[in-house]
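Summary of structural features
Listed here are the chains, written in short residue letters.
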Amino acid sequence: ARGRWPGATLTKLRTGRELYVFKCAGCHTLYAPNRHRSEEWPGVVEAMGVEAGLEPRDRDAIALYLRTANRSSAPLGSQPTTRKAPAIQSTTGDQ
């Protein structure tokens, strides 16, 4: 993830995932990270986050998580998912 998203650490991604699960699910069903292209997530999170009253640092963390968890540049569609948000696992030992 660091090569594609400089500054992404395991800690930041875990924080983003936790915020996504606990903050975003308070308003709507969680969306699969592939619902939007990776480059679209910051704008989507910004719009929803402002409406939800999220702090800028929380919006940034959520957007980083969603961009990193996105496995494709093409959206899967507009249907929300009821699956759990993908967990972030360390392959380098970064905590």
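Up top is the structure.
We now turn to the structure provided with this report. What you see is a predicted model, and the numbers here were worked out from it, not measured in a lab.

1. Remarks on the packing of helix α2 (residues 41-52) against helix α3 (residues 56-69)
- Two elements in contact, α2 and α3, have axes separated by 9 Å at closest approach and are oriented at 145°. Every pair of crossing elements has a handedness; the one defined by α2 and α3 is right-handed. Note on element contacts: α3 touches α2 through R59, I62, A63, L66 and R67, opposite W41, P42, V45, E46, G49 and V50.
- Here the contact of α2 with α3 is composed, by residue class, of seven nonpolar, one polar and three charged.

2. Things to note about helix α1 (residues 10-24)
- The end-to-end C-alpha distance of α1 is 20 Å, a good match for the 21 Å that 15 residues give at a rise of 1.5 Å each.
- For α1, the full list of buried residues reads L10, L13, G16, L19, Y20 and C24.
- Lining the buried residues of α1 we find α3.

3. What about the state of the cysteines?
- Under the defined criterion, the tally for this structure stands at zero disulfides.
- Not engaged in a disulfide, the cysteine C24 finds its nearest cysteine sulfur in C27; these two sulfurs lie 7.7 Å apart.

4. What about the pattern of salt bridges?
- Scanning all chains against the criterion turns up three salt bridges.
- Its salt-bridge partner being E40, residue R37 comes within 2.9 Å of it at the nearest N-O pair.
- Residue class for R37 comes out partly exposed when judged on its relative accessible area of 32%.
- Residue class for E40 comes out partly exposed when judged on its relative accessible area of 27%.
- For R59, the salt bridge is made with E46, and the minimal N-O distance between the two is 3.1 Å. Placement of R59 in helix α3 and of E46 in helix α2 is noted, with a sequence separation of 13 residues between them.

The rules behind these values
- Residues numbered from 1 in each chain as written.
- Predicted model: local features only at pLDDT ≥ 70, side-chain atom pairs only at ≥ 80, totals over all residues.
- Heavy atoms only, no water.
- Axes fitted to C-alpha atoms, helices over the stretch in contact; angles between N-to-C directions.
- Helix = DSSP H or I, 4+ residues; strand = E, 2+ residues; numbered from the N terminus.
- Left-handed = near helix turned anticlockwise from the far one by under 90°.
- Contact = heavy atoms within 4.5 Å.
- Nonpolar A, V, L, I, M, F, W, Y, C, P; charged D, E, K, R; others polar.
- Expected span 1.5 Å × (residues − 1).
- Buried < 20%, exposed > 50% of the residue type's maximum accessible area, 1.4 Å probe, protein only.
- Disulfide = S-S within 2.5 Å.
- Salt bridge = Lys/Arg side-chain N within 4 Å of Asp/Glu carboxyl O.

Note that every value here comes from positions in space, so none of it alone points to a role or purpose.
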